[in-house]
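# Commentary on secondary and tertiary structure
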Amino acid sequence: MKMKNNRYISILVLGFLLFASCGLNGQLANVTYSHRINSVFGFVPETCGLGGPDYHIDGSSNDDVDLTARNFNIAVDDWCTNCMFGSNVLIYTWTNTSAYVNSINSFIREDGGGFCNSWYHGYNITGSTFFRNLTFPSPPGTYASIPFWIGSNEWYLDRGFTWLYTGNANQIIPTTTAQSASYGTGKIWSWSVPLNVGICSTYVFGTCGSTGDTYLRLYGPDGYTVVAQNDNGCGNQSQITYSPTVSGTYYLEVSDNVRSSVSNGGSITYQIYNAPPTVANGTQTICSGSSAILGPITPSGGISPYTYSWSGGLASTNNPTTPTLSGSTSYIVTVTDVCAASNTASSIVNVVAPPTTAVAGPDQTICISTATMAANTALSGTGSWSIVSGLGVLGSGGSPTTTVTGLGLGPNTFRWTISNPPCTASFDDIVITRLAAPTVDAGPDQQVCGGNATMAGNNT
């Protein structure tokens, strides 16, 4: 810094700014600001008045919402009776919903050049400095230092700034229905959010679908501790899922990636979201004229106990019974857990017709080892032959008119079955009796001399 006459003054003053509650400025939560002058370094060219060094700063501060100036004085002189001296001097504190605080408007006053008690310098520090963009929320008394030079390096003010979220301004209240709130540009945007502890209290916040590179932070009820944060949860956008361990007012903040003012407007979505139970679809087949027992439904995930709601007026259980059905029917079940999270599944009941009544055909008595079947054709279901007793080789087990060979002597029983699962099968039996072939023996040849002969043939 620039010095004159090697004269040097250092003054340390702590200050807090006046408490005042202001209206909502866009989507910004309440914040409490604390502001102090860490140190003032400067040069006093000469003494005046009663012979002591004269050094005086008239200061004021305001923000972009509450424009009321908070005036204060810092001085080392022998005539100012209303000025503050030393360190740790309480000045002001205030609370509002401002996005930032304007720079202090400081007027430097000193005696010099023989013009006592006159304005020697009058530098006016103006303009808006985005302190909230520069510093994170912090506990009271923890300051981030921001130095400022005044004039041609003749005065140097080292200012400290601290703030934290407070109150419940610009409140959003998550429910199980997704909601959204818009935000613009040029600020770090924030909302107060009441969160509750509970088995159904999982909260989801996100800027997914917005443009730009956003960063989300969720601050705890103390207003400065980050309890959850996310950068690229969905592309360049952010998403936070959080289950609180303490009920209270939390503070949600959206900024650009480096915690600076938002450069692209968008919207933030919020809701209470508990993952719904997973329910599997089901399919079964019954015979026409029967009823079906659906399920049992066994959900996974979600938070039990579950409730069940079925279409078709079925009972509200996990395994209701349908009425008698004559055609295929689809039922929908909605499974809801204790947190009101739900999911659906379908249960399809396929209905099939009973099988055609089986007719194996008339019994047969034959003398040979081969026979042809004469069963009816299956109009519903599928027919098949099987051997019940005796011997025989079926040519085609599924043909109603198949040929059977190798029949054994005596009765041979075959069964014609028509099946259409899960209906009860229909069957009918046929008996094919094979008789033994006759043997012929005329007896021995004879020679006779007379006119008569006696035959000796068999009779089997």
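This structure is a prediction, so every number in the text was calculated from the model and none was measured. (Residues numbered from 1 in each chain as written. Predicted model: local features only at pLDDT ≥ 70, side-chain atom pairs only at ≥ 80, totals over all residues. Heavy atoms only, no water.)

### Some remarks on the environment of Asn 343
Here Asn 343 is to be found in strand β22 (residues 342–352). We classify Asn 343 as partly exposed; its relative accessible area is 30%. Distance in space between the C-alpha atoms of Asn 343 and Val 279 is 6.9 Å, their sequence separation being 64 residues. Every residue in contact with Asn 343, bar those within four places of it in the chain, is listed here: Pro 276, Pro 277, Thr 278, Val 279, Val 333, Thr 334 and Val 335. Reaching out from Asn 343, the side chain makes a polar contact with the backbone oxygen of Pro 277 at a distance of 3.1 Å. (Helix = DSSP H or I, 4+ residues; strand = E, 2+ residues; numbered from the N terminus. Buried < 20%, exposed > 50% of the residue type's maximum accessible area, 1.4 Å probe, protein only. Contact = heavy atoms within 4.5 Å. Polar contact = N/O pair within 3.5 Å; in protein donor to acceptor, adjacent residues only side chain to side chain.)

### Section: the sheet that holds strand β16 (residues 239–242)
Strands sit in the order β11-β18-β13-β16 across an open sheet of four strands; the sheet is antiparallel. Only two strands of the sheet have a single neighbouring strand rather than two, namely β11 (179–183) and β16. Here the strands of the sheet are splayed against their neighbours by 15° on average, with no regard to which way each runs. Note that β11 and strand β18 (residues 266–272) share five bridges and pair antiparallel. Counted as the bridge partner of Ser 182 is Ser 267 from β18. (Pairing = 2+ DSSP bridges. Axes fitted to C-alpha atoms, helices over the stretch in contact; angles between N-to-C directions.)

### A look at the nonpolar core
Counting 21 residues, the largest nonpolar core has Trp 191, Leu 195, Phe 205, Leu 218 and Leu 252 as the members making the most contacts within it. Contributing elements (two or more residues each) for this core: β11, β12 (189–195), β13 (203–206), β14 (214–219), β16, β17 (248–256) and β18. With four residues, β12 is the largest single contributor of residues to this core. Ranked by size, the runner-up nonpolar core spans 15 residues in total, among them Ala 292, Leu 314, Val 335 and Ala 345. (Core = buried A, V, L, I, M, F, W, Y, C linked by side-chain atoms within 4.5 Å.)

### A look at the sheet that holds strand β15 (residues 226–230)
With antiparallel pairing, four strands are arranged side by side in an open sheet as β12-β17-β14-β15. Two strands close off the open sheet at either side, each with one partner strand: β12 and β15. In this sheet, adjacent strand axes meet at a mean angle of 20° when their direction is disregarded. With four bridges connecting them, β14 and β15 associate as antiparallel partners. Looking at β15, one finds that Leu 218 is bridged to Ala 228.

### Considering the environment of Gly 408
By the element assignment, Gly 408 lies in the loop between β27 (403–405) and β28 (410–419). Overall, the relative accessible area of 10% leaves Gly 408 in the buried class. C-alpha separation for the pair Gly 408 and Thr 370, spaced 38 residues apart in sequence, amounts to 9.7 Å. Sequence-distant contacts of Gly 408, that is, excluding residues within four places in its chain, are made with Leu 391 and Arg 434.

### Quick notes on the state of the cysteines
Using the criterion set out here, one finds three disulfides in the structure. Each sulfur in the disulfide pair Cys 200 and Cys 339 lies 2.0 Å from the other. Around the S-S axis, the bridge from Cys 200 to Cys 339 shows a dihedral of about -80° and counts as left-handed. Residue Cys 200 is found in the loop between β12 and β13, and its partner Cys 339 is found in the loop between β21 (329–336) and β22; the two are separated by 139 residues along the sequence. Classification of Cys 200 by relative accessible area gives partly exposed; the value is 23%. (Disulfide = S-S within 2.5 Å.)

### Here's the deal with the confidence of the model for the protein
Mean pLDDT over the protein stands at 79; residues scoring 70 or higher make up 69%. Contacts from residues 43–54, a stretch scored under 50 in pLDDT, to residues over four places away or in other chains number 42 contacts. (pLDDT = per-residue confidence, 0-100.)

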